[in-house]
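Report on the structure
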Amino acid sequence: MAPTYLQQARQWTKQHPVAASLLAGAVAGGTAKTVTAPMDRLKLLFQVGKLPLTMRNLHTLALDLYKEEGFFNLWRGNTATLARVMPYAGIQFTTHEQYKQWLRHATSQQDLSPGPRFLAGALAGATAVAVTYPLDLVRAQLAIQTRLKLKHNGLGHALGSIWQLEGLAGLYRGLIPTLLGVVPYAGTSFYTYETIKLTLRRSSSHHGSRTDPSADEDLSSLERLVAGAFAGLIGQSVTYPLDVVRRRMQTDGVFAASRRPSASATLIQVVQQYGILGLYRGLVLNWIKGPIAVSISFTIFDYCKNTFQFKRQA
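In this text the structure is predicted, and so the values were computed from the model without any measurement. (Residues numbered from 1 in each chain as written. Predicted model: local features only at pLDDT ≥ 70, side-chain atom pairs only at ≥ 80, totals over all residues. Heavy atoms only, no water.)

What follows deals with unusual backbone geometry. Trans is the prevailing form of peptide bonds, just as negative phi is the prevailing case for residues other than glycine. With a phi angle near 60°, Ser108 is a residue other than glycine that sits in the positive phi range. Its place among the elements puts Ser108 in the loop between α4 (78–107) and α5 (114–148). Classification of Ser108 as exposed rests on a relative accessible area of 68%. (Helix = DSSP H or I, 4+ residues; strand = E, 2+ residues; numbered from the N terminus. Buried < 20%, exposed > 50% of the residue type's maximum accessible area, 1.4 Å probe, protein only.)

Here's what the structure looks like:
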């Protein structure tokens, strides 16, 4: 009997586990970002603008964008977003799996303790950021260029313009606050997700519904979605102020040609202008968007990993 499509796919993924993991992570991240792209754009406009985030202002801004640009332009900049997010997610999920394997060898633990569990996520996030940061910078500028009358004609043109005007340093403007935000965010998100999954496995095994407490495959999609939602909510809340600083630094030169401030100067500037609450501008949107995006991406990646069986063995 000829092998089925699933059997052929599993055979390929076992032969190419890294490529399969990168692909699954890219699909997971791209799907999550596309679903939440309109909310992400609205959040960005509140972060770099002067309006306070209220339901009235949110409704007005969304309606103005719809009237000025049309429905599908609520996804403006999403191509640049996907060009960053898909490799970012692929690298992050793949390196997270690898870091977990290395830490399991180093600690002789099948289920990692809290410290190594957090470290695996933090290292994965830092690795992904280091590779894809210029694309994140360009995405931020493309998302707000209509309101600021910029003339970036797509991803390639934007990268070239920044390179010509500012060189390599311009493409990595805001990297430090990004790393400072991503390391605890990725560490917290992966830690929370893995911890909830571990708790669910052990609890259900104790009550007899599962025989193997380490069998990740036994968790349902709903359980993974809930775990991912909590992971996104906690991770976003802990690190959001640094996300505001990062976006300010990325778009500061777009608003004015003056000398761009450092991360600490940007932080002080935001607090002086808007108070401490200014560091949380747009957080309500992230409380909606973050859990949705994280739960979708984590669930899709786990589904692909378990369905196509490309999990690397220790």
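Scanning the entire structure with this criterion turns up nine salt bridges. A salt bridge links Lys100 to Glu194, with the nearest nitrogen and oxygen atoms 3.5 Å apart. Highlighted residues: Lys100 in helix α4 and Glu194 in helix α7 (residues 175–206), separated in sequence by 94 residues. With respect to burial, Lys100 and Glu194 carry one shared label: buried. Here Arg224 ties to Asp302 by a salt bridge, and the two come within 2.8 Å at their closest N and O atoms. (Salt bridge = Lys/Arg side-chain N within 4 Å of Asp/Glu carboxyl O.)

Take the environment of Ser297 next. Topologically, Ser297 is positioned in helix α10 (residues 283–308). What makes Ser297 buried here is its relative accessible area of 10%. Ser297 sits 265 residues away from Ala32 along the chain, and the two C-alpha atoms are 5.5 Å apart. Discounting residues that sit within four places of it in the chain, Ser297 has contacts with Ala28, Gly29, Ala32 and Phe93. A polar atom in the side chain of Ser297 sits 3.1 Å from the backbone oxygen of Val294. (Contact = heavy atoms within 4.5 Å. Polar contact = N/O pair within 3.5 Å; in protein donor to acceptor, adjacent residues only side chain to side chain.)

The full count for this structure, using the stated rule, is seven aromatic pairs. Centroid distance Phe93 to Phe298: 5.6 Å. Interplanar angle 75°. Geometry classified as edge-to-face. Highlighted residues: Phe93 in helix α4 and Phe298 in helix α10, separated in sequence by 205 residues. Of the two residues examined, Phe93 and Phe298, each falls in the buried class. Taking 5.9 Å as the distance between ring centres and 25° as the angle between the ring planes, the aromatic pair formed by Tyr133 and Tyr172 counts as stacked. Of the two residues, Tyr133 sits in helix α5 while Tyr172 sits in the loop between α6 (155–171) and α7, which places them 39 residues apart along the sequence. When its relative accessible area of 2% is taken as the criterion, Tyr133 is described as buried. Here the aromatic residues Phe93, Phe190, Tyr193, Phe298 and Phe301 are joined through ring pairs into a cluster of three or more. (Phe/Tyr/Trp six-rings, centres within 6.5 Å; stacked < 30°, edge-to-face > 60°.)

Worth remembering: the numbers are spatial, not functional.
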